[in-house]
Amino acid sequence: MATKHEQILCFIESLKVGNKISVRQIAKELNVSEGTAYRAIKEAENKGLVSTIERVGTIRIERKQKENFENLTFAEIVSIVDGQVLGGRDGLYKTLNKFVIGAMKLDAMMRYTEKDSLLIVGNRTEAHQLALKEGAAVLITGGFDTDDATKQLADQKQLPIISTSYDTFTVAAMINRAIYDQLIKKEIVVVGDIFNKVEDTYFLKTKDQVAKWYEWEDITTHSRYPVVDEKNKVVGIVTSKDVIGRKMDMLIEKVMTKNPLTVMKETSLAYAAHMMVWEGIEIMPVVDQHHHLVGLISRQDVLKALQHIQKQPQVGETIDDIVSNYFDHSPTDPHHSTYHAEITPQMTNQLGTLSYGVFVSFVIESARRLLRHQKKGDLVVENITVYFIKPIQLETTVTFQPKIIDAGRKSAKVDIEVFHEKKVVGKAMLMAQLIDR
């Protein structure tokens, strides 16, 4: 039996794209409290099923697939530019394919304006109307309005006409930044990208007997299985350690380890890998928000996927990518593994010196490269201690000298000294768990 929360989410998903919904309407139609309706709508927003816009309300939007993640909806454009919707509200759920800046003569502008595009233009009413007739939405910059005939045309064509107080250049930069951020999100691999689905997963039920564990072990050669109750909720995990010496007719619920660590499909792969390495876990159940079993990930699959990701080119550049790109091996000192980096404006804080966050990223990168160079494998950071850091100026070249203090099969300690012009400007110690390559 589905909970009220699940029923509301199913109802929202069944709505036609473009439908408006409200807390009161959901509460009335499904006979639930307004608090329950509000929480379900918020979750639907997090899942990308609906979008809430000031002075417009909440509307059902197209759920994005990862392949077209960088395409924005007009509803998202309204949020990005702090816009006001002047007309065509019914089309806010639609996705735009490109945007055109209307800084040219009218006929030239129309050559670039096509269906499902967005024309960014100032106070030019004729351009607004022509764009709508071509099937394009309009974003008016500078806080200008448009005439009533254009608003009516927008309503008729179900194409949004939006006004923003920002200028054209700022708006284009804001939209570009949003697309760029979406590209970075698209690249983040999550558990849902690699997990084994429940139909391909071997698991046990609480009322199964220990004999069932041995049956599965013969088939799969694995020794660890999730345990579910009668509602398919994950309640435990069973390993060889739990069943050794137990009677064959003993119930699984009597021998299992309760409350095992689980992940969701939305969990990032890096986080899952960290948990599995940290806890020494070989498999992990994948659950939905109600803790129902939806699949399984194995440590081997996770580490393989992580190694594959590290070899792929990045489309969107994160702070760590910037750090890595500006980090070079210095062959000048034969006795030490030495790396140097030039401090660029993006790496600085408001005082114009190296940001503490970027400093820590450099420390991790130097330790990672040293461990890789010495064939120790990759690392999952356990602890970083920064003993001191002096202000490091913009456009200076800084040298990092990492040194392994202790390295075992599963962990390592690395001491990192940071120099500028042969003076120590920073010192840190890093402790990490090692991942076999």
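Our subject is the structure listed above.
Summarised in this report is the structure supplied together with it. The model shown is predicted, which means the values in this text are computed figures rather than measured ones.

Moving on to the overall build of the chain. Within the chain one finds 15 helices and 22 strands. Taken along the three principal axes of its C-alpha coordinates, the chain extends 80 × 70 × 35 Å. For the chain, with 437 residues in total, the buried portion stands at 43%. The long-range fraction of contacts in the chain, counting pairs at least 24 apart against all pairs at least 6 apart in sequence, stands at 55%. Only carbon and sulfur atoms are counted for the fraction: they give 49% of the accessible area of the chain, which is about 23,700 Å².

Next up on the list: the pattern of salt bridges. Scanning all chains against the criterion turns up 11 salt bridges. Between Glu215 and Lys212 there is a salt bridge; the shortest N-O distance is 3.9 Å. Taken together, the residues Glu215 and Lys212, both in helix α9 (residues 210-220) and 3 residues apart, mark about one turn of the helix. Given the relative accessible area of 24%, Lys212 is considered partly exposed. The closest approach of N and O atoms between Arg368 and Glu365, which form a salt bridge, is 3.9 Å. Here Arg368 and its partner Glu365 are both found in helix α15 (residues 356-373), 3 residues apart, which amounts to about one turn of the helix. A relative accessible area of 11% places Glu365 in the buried class. One network of salt bridges, with partners in common, ties together Glu365, Arg368 and Arg369.

Bringing the sheet that holds strand β12 (residues 234-238) into the picture now. With respect to topology, 4 strands assemble into an open sheet ordered β10-β11-β12-β13, the strand pairing being mixed. Looking along the sheet, the strands with just one partner apiece sit at the ends: β10 (204-205) and β13 (257-258). By the bridge criterion, 4 bridges tie strand β11 (residues 225-228) to β12 in an arrangement that is antiparallel. Its bridge partner being in β12, Val228 is matched across the sheet by Val234.

Turning our attention to the packing of aromatic side chains. In this structure the tally under the stated criterion is 8 aromatic pairs. Ring plane angle 10° and centroid distance 5.5 Å describe the contact between Phe327 and Tyr339, whose orientation is recorded as stacked. Remark: Tyr339 occurs in strand β18 (residues 338-342) and Phe327 occurs in strand β17 (residues 327-330); sequence separation between them is 12 residues. By the burial criterion, Phe327 is buried, and Tyr339 matches it.

Here β11 shows no split at all, with Tyr225 and Val227 on one side and Pro226 and Val228 on the other all buried. When β10 meets β11, the two strands line up parallel, connected through 2 bridges. By the bridge assignment for β11, Leu204 is matched with Val227. Count of turn residues in the β11/β12 antiparallel hairpin: 5 residues, of which Asn232 carries a positive phi of about 70°.

Within the largest apolar cluster, 29 residues are counted, with the highest numbers of intra-cluster contacts made by Leu354, Phe362, Phe400 and Leu430. Of all the secondary structure elements, the ones that give two or more residues to this core are α14 (319-325), β18, α15, β20 (397-407), β21 (411-420) and β22 (423-435). The biggest single contributor to this core is α15, with 8 residues. Ignoring sequence-local partners within four residues, the contact set of Phe400 consists of Phe327, Ser337, Thr338, Tyr339, Phe359, Phe362, Val363, Ser366, Ile416, Glu417 and Val418. Counting 21 residues, the second-largest nonpolar core is a separate cluster that includes Val85, Ala137, Leu139 and Ala178.

As a further point, take unusual backbone geometry. For Asn259, which is not a glycine, the phi torsion comes out positive at approximately 50°. By secondary structure assignment, the location of Asn259 is in the loop between β13 and β14 (263-264). Note on Asn259: relative accessible area 72%, which makes it exposed. A positive phi angle, close to 65°, is found at Lys422, a residue other than glycine. The topology assignment puts Lys422 in the loop between β21 and β22. The exposed category is assigned to Lys422, whose relative accessible area is 81%.

Take the side chain of Thr267 next. As for its placement among the helices and strands, Thr267 is situated in the loop between β14 and α12 (269-279). Its relative accessible area of 16% is what places Thr267 among the buried residues. Those residues in contact with Thr267, other than ones at most four positions away along the chain, are Val190, Val191 and Ala272.

Two strands in a sheet stick together by hydrogen bonds in their backbones, pointing the same way (parallel) or opposite ways (antiparallel). Reading across from one edge, β1-β3-β2 is the order of the 3 strands in this open sheet, with antiparallel pairing throughout. Strand pairing shows two members of the sheet lacking a second neighbour, β1 (20-21) and β2 (50-53), which therefore form its edges. When β1 meets strand β3 (residues 57-60), the two strands line up antiparallel, connected through 2 bridges. Bridging from a neighbouring strand, Lys20 pairs with Ile59 of β3.

Rules of the game
- Residues numbered from 1 in each chain as written.
- Predicted model: local features only at pLDDT ≥ 70, side-chain atom pairs only at ≥ 80, totals over all residues.
- Heavy atoms only, no water.
- Helix = DSSP H or I, 4+ residues; strand = E, 2+ residues; numbered from the N terminus.
- Buried < 20%, exposed > 50% of the residue type's maximum accessible area, 1.4 Å probe, protein only.
- Contact = heavy atoms within 4.5 Å.
- Areas by Shrake-Rupley, 256 points an atom, 1.4 Å probe, with all protein chains shown as cover.
- Salt bridge = Lys/Arg side-chain N within 4 Å of Asp/Glu carboxyl O.
- Pairing = 2+ DSSP bridges.
- Phe/Tyr/Trp six-rings, centres within 6.5 Å; stacked < 30°, edge-to-face > 60°.
- Core = buried A, V, L, I, M, F, W, Y, C linked by side-chain atoms within 4.5 Å.

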